[in-house]
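Examination of the molecular architecture
Residues per chain, in single letters:
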Amino acid sequence: MILNVCLQDKLVVANSVTSVHTLTPNIGAVMVGMIPDSKFQVKRAQLEAAKWKYQNGCDMTADQLARRMADINQFYTQNAEMRSLGCAMLMIAYDEETGPQIYRIDPAGYFRGMRAVGLGVKQQAANSFLEKKFKKKSDFTYDETVQLALECLQSALGVDLKSGEVEVAVVTKSDTSFRKLADEAVDFHLNAIAERD
Amino acid sequence: MSSIGTGYDLAAATFSPDGRIFQVEYAQKAVDNSGTMIAVRGKTGVVTAVDKVIASKLYLSTTNARVANADTHVGMAMAGLYPDCRSLLDYAVGEALDYLKEYRTPMPTHQLASKLAEYVHMFTLGISRPFGCAIFLSSWDKMKGAQLYLIEPSGLSYEYRAWAVGKHRQAAKTEIEKLKLTDLSMDELVKEAARIIITVRDETKDKNVQIEMGWVGEHTNGKHQLIPDDVVKAAEEWAKAKIEEDENMDE
């Protein structure tokens, strides 16, 4: 899962700006949209997951959390007291029973599990790119997956990315904890893509 | 630049068709039209300066302070609607105190900034009107060094090396970018901050203004304080002399 960071003013401390959030140790999310609304929704998701664990003694799975967040979003659309939040959430996790999971939750209260998805300003281009790639094959290795995501973003935005401009976060079978890739790792994949072309 | 909301701007509960919340943007305008406020982070501390408008000569110079303490170690500089500023100050003081009582250690500044940002954001959801003020939180401690955060009326909060808000923020930011902040001592920071405020003032429009400054750093042992009057005066005089000297050099 990757996100293009729009470069801030040079007076801003760069690593205080992030859209990649850990909801539980094994579920992560990337938020697209209004930043204060995104932070609000992330806090709520973290709360819901923690509450579930406290009440039920087991971890909340990604699909359960996605359904809960979608229901909360639907509530805002039907009740007058609060407006819908201007942000959408892409949630990822590696479930030990069902494998890798991606969920897209939007302000309408709609959520779906996806094999691949793009969100944001160039989402049409990103989604078309992914559809084309997935038609041919769907069993990508870890390296291929990361590079596919980077390639998709590069092609949708029409620019060559640098490691300082993107945030890449992963979950894998071998290590189901949600983590961000360091700049060097991102560079490795970007170079691999460049050399392939 | 005035874009009319025409019906989509009556409440913060309403999005416009192009995805904007006009009430929040109008709240931002309240900040943009208020007196300039700058904050600069140096190597060993942070200096904040507010160009306070003195509404009447009958006021005491200490009245309606724009720089205050959220906690002994965290300073709060405020721009925008003054009653909204005071309300946020009360909230920040309460939160910092609650943390201290609960955890028996001073509240980390980034957490206080997050708390304030979330609080401000709640008011953009339509329950009430947004806050028409922007807040700089500043602190210094041995472990993390100098920290500076800005909380905007939209609930956005970032950490900064330096920033400016208010009437002359663009000009102020340009001046700030010319400085090499990490090379400046606290004394120099104070003088430069005063110089920037005076430089960006518009003589015809900004009358009856007074600079209010606060600092926190190694030299105050991490405690935030209002800069003493004599230091501020000295900085202002240095600044005025420097500006004249620069003007003479240009001629």
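As annotated in an unreviewed UniProt entry, chain B is Proteasome alpha-type subunits domain-containing protein from Plectus sambesii. The Function (unreviewed entry) field of the UniProt record for chain B holds the comment "The proteasome is a multicatalytic proteinase complex which is characterized by its ability to cleave peptides with Arg, Phe, Tyr, Leu, and Glu adjacent to the leaving group at neutral or slightly basic pH. The proteasome has an ATP-dependent proteolytic activity."

As recorded in an unreviewed UniProt entry, chain A goes by Proteasome subunit alpha type 6 and comes from Plectus sambesii.

**Quick word on the side chain of B:E159**
Topologically, B:E159 is positioned in strand β7 (residues 157–159). On the accessibility criterion, B:E159 (14% relative accessible area) is buried. A polar contact of 3.4 Å, which involves the side chain of B:E159, links it to the side chain of B:R41. If we ignore the near neighbours within four places in the chain, the residues touching B:E159 are A:V12, A:V13, A:S16, B:R41, B:Q147, B:L148 and B:Y149.

**Details of the layout of surface pockets**
All names here are of chain A. When its volume is computed, the second largest pocket comes out at roughly 520 Å³. When contributions to the lining of the second largest pocket are tallied by element, the ones reaching two or more residues are β2 (20–24), α1 (35–56), α2 (62–78), β4 (87–95) and β5 (99–105). The class makeup of the residues in the lining of the second largest pocket is ten nonpolar, six polar and six charged.

**Considering the nonpolar core**
Formed by 51 residues in total, the largest nonpolar core has its most connected members in B:I38, B:V47, B:F136, B:V165, B:I176, B:L181 and B:M213. If one sorts the elements of this core by residue count, helix α5 (residues 186–200) of chain B sits on top with nine residues. Ranked by size, the runner-up nonpolar core spans 25 residues in total, among them A:V42, A:A45, A:M82 and A:L85.

**Quick word on the interface of chain A and chain B**
Each partner contributes residues to the interface: chain A has 21 residues there, and chain B has 23 residues. Summed over both sides, the interface of chain A with chain B buries roughly 2,000 Å², with 62% coming from carbon and sulfur. The largest share of the area that chain A buries against chain B comes from A:L11, A:P36 and A:R83, three residues that together contribute 36% of it. Joining chain A to chain B, the criterion identifies two salt bridges. When the shortest N-O distance is used, the salt bridge between B:E177 and A:K10 registers 3.2 Å. Where chain A packs against chain B, one counts ten residue pairs in polar contact (both at pLDDT 80 or more). The class makeup of the residues in the side of chain A that touches chain B is ten nonpolar, four polar and seven charged.

**What to know about empty space enclosed by the protein**
Residue and element names in this part refer to chain B. In this structure the tally under the stated criterion is one cavity of 30 Å³ or more. Its boundaries defined by the atoms lining it, the largest cavity holds a volume of some 30 Å³. Lining the largest cavity are G35, T36, D51, V53, K167, H168, D206 and V209. In terms of residue class, the lining of the largest cavity is made up of two nonpolar, three polar and three charged.

**Structural notes on the sheet that holds strand β4 (residues 74–80) of chain B**
Picture the strands of a sheet paired through backbone hydrogen bonds; they go either parallel or antiparallel. All names here are of chain B. The antiparallel open sheet is built from five strands, whose spatial order is β3-β4-β5-β6-β7. The strands lining the two open edges of the sheet, one partner per strand, are β3 (67–71) and β7. Recorded for the sheet is a direction-independent mean angle of 25° between the axes of neighbouring strands.

**Section: the environment of B:L97**
Residues and elements named next belong to chain B. Structurally, the position occupied by L97 is in helix α2 (residues 82–103). Among the residues examined, L97 registers a relative accessible area of 42% and is labelled partly exposed. As a C-alpha pair, L97 and I198 span 101 residues in sequence and 36 Å in three-dimensional space.

**Digging into the UniProt feature "domain: Proteasome alpha-type subunits" (unreviewed entry) in chain B**
UniProt tags residues 8–30 of chain B as "domain: Proteasome alpha-type subunits" (unreviewed entry). Between the end C-alpha atoms of residues 8–30 of chain B there is a gap of 19 Å, over a span that is 39% helix and 0% strand.

**What to know about the sheet that holds strand β1 (residues 37–41) of chain B**
Residue and element names in this part refer to chain B. Overall, antiparallel pairing links the five strands, which are arranged β8-β1-β2-β9-β10 in an open sheet. In this open sheet, the two edge strands, each paired with only one partner strand, are β8 (162–165) and β10 (225–226). Of the strand pairs in this sheet, strand β2 (residues 45–53) and strand β9 (residues 209–217) are connected by nine bridges, and their pairing is antiparallel. By the bridge assignment, V47 is partnered in β9 with W215. Across the sheet, α5 lies against β1, β2 and β9, angled at about 25° from β2, the strand it touches most.

**Comments concerning the environment of B:S128**
All names here are of chain B. Along the chain, the position of S128 falls in the loop between α3 (109–122) and β5 (133–141). Separated by 115 residues in sequence, S128 and A13 place their C-alpha atoms 8.9 Å apart. Those residues in contact with S128 that sit more than four places away from it in its chain are A12 and F123.

**Some remarks on the pattern of salt bridges**
Residues and elements named next belong to chain A. Evaluation of the coordinates by the stated rule reveals 27 salt bridges over all chains. Where R83 meets D37, a salt bridge forms, and the shortest distance between an N and an O atom there is 2.9 Å. Of this pair, R83 sits in the loop between α2 and β4 while D37 sits in helix α1; the two residues are 46 residues apart in sequence, bridging distant segments of the chain. Pair check on accessibility: R83 and D37 agree, each one buried.

What counts and what doesn't
- Residues numbered from 1 in each chain as written.
- Chains lettered and ligands numbered in written order.
- Predicted model: local features only at pLDDT ≥ 70, side-chain atom pairs only at ≥ 80, totals over all residues.
- Heavy atoms only, no water.
- UniProt positions renumbered as here; feature names shortened; annotations may be inferred.
- Helix = DSSP H or I, 4+ residues; strand = E, 2+ residues; numbered from the N terminus.
- Buried < 20%, exposed > 50% of the residue type's maximum accessible area, 1.4 Å probe, protein only.
- Polar contact = N/O pair within 3.5 Å; in protein donor to acceptor, adjacent residues only side chain to side chain.
- Contact = heavy atoms within 4.5 Å.
- 1 Å grid on protein atoms, 1.4 Å probe; cavity = no way out; pocket = protein on both sides within 12 Å on 5 of 7 lines; lining within 4 Å.
- Points joined across faces, edges and corners; volume = space filled by probe spheres on them.
- Nonpolar A, V, L, I, M, F, W, Y, C, P; charged D, E, K, R; others polar.
- Core = buried A, V, L, I, M, F, W, Y, C linked by side-chain atoms within 4.5 Å.
- Buried area = accessible area lost by both parts, 1.4 Å probe.
- Salt bridge = Lys/Arg side-chain N within 4 Å of Asp/Glu carboxyl O.
- Pairing = 2+ DSSP bridges.
- Axes fitted to C-alpha atoms, helices over the stretch in contact; angles between N-to-C directions.

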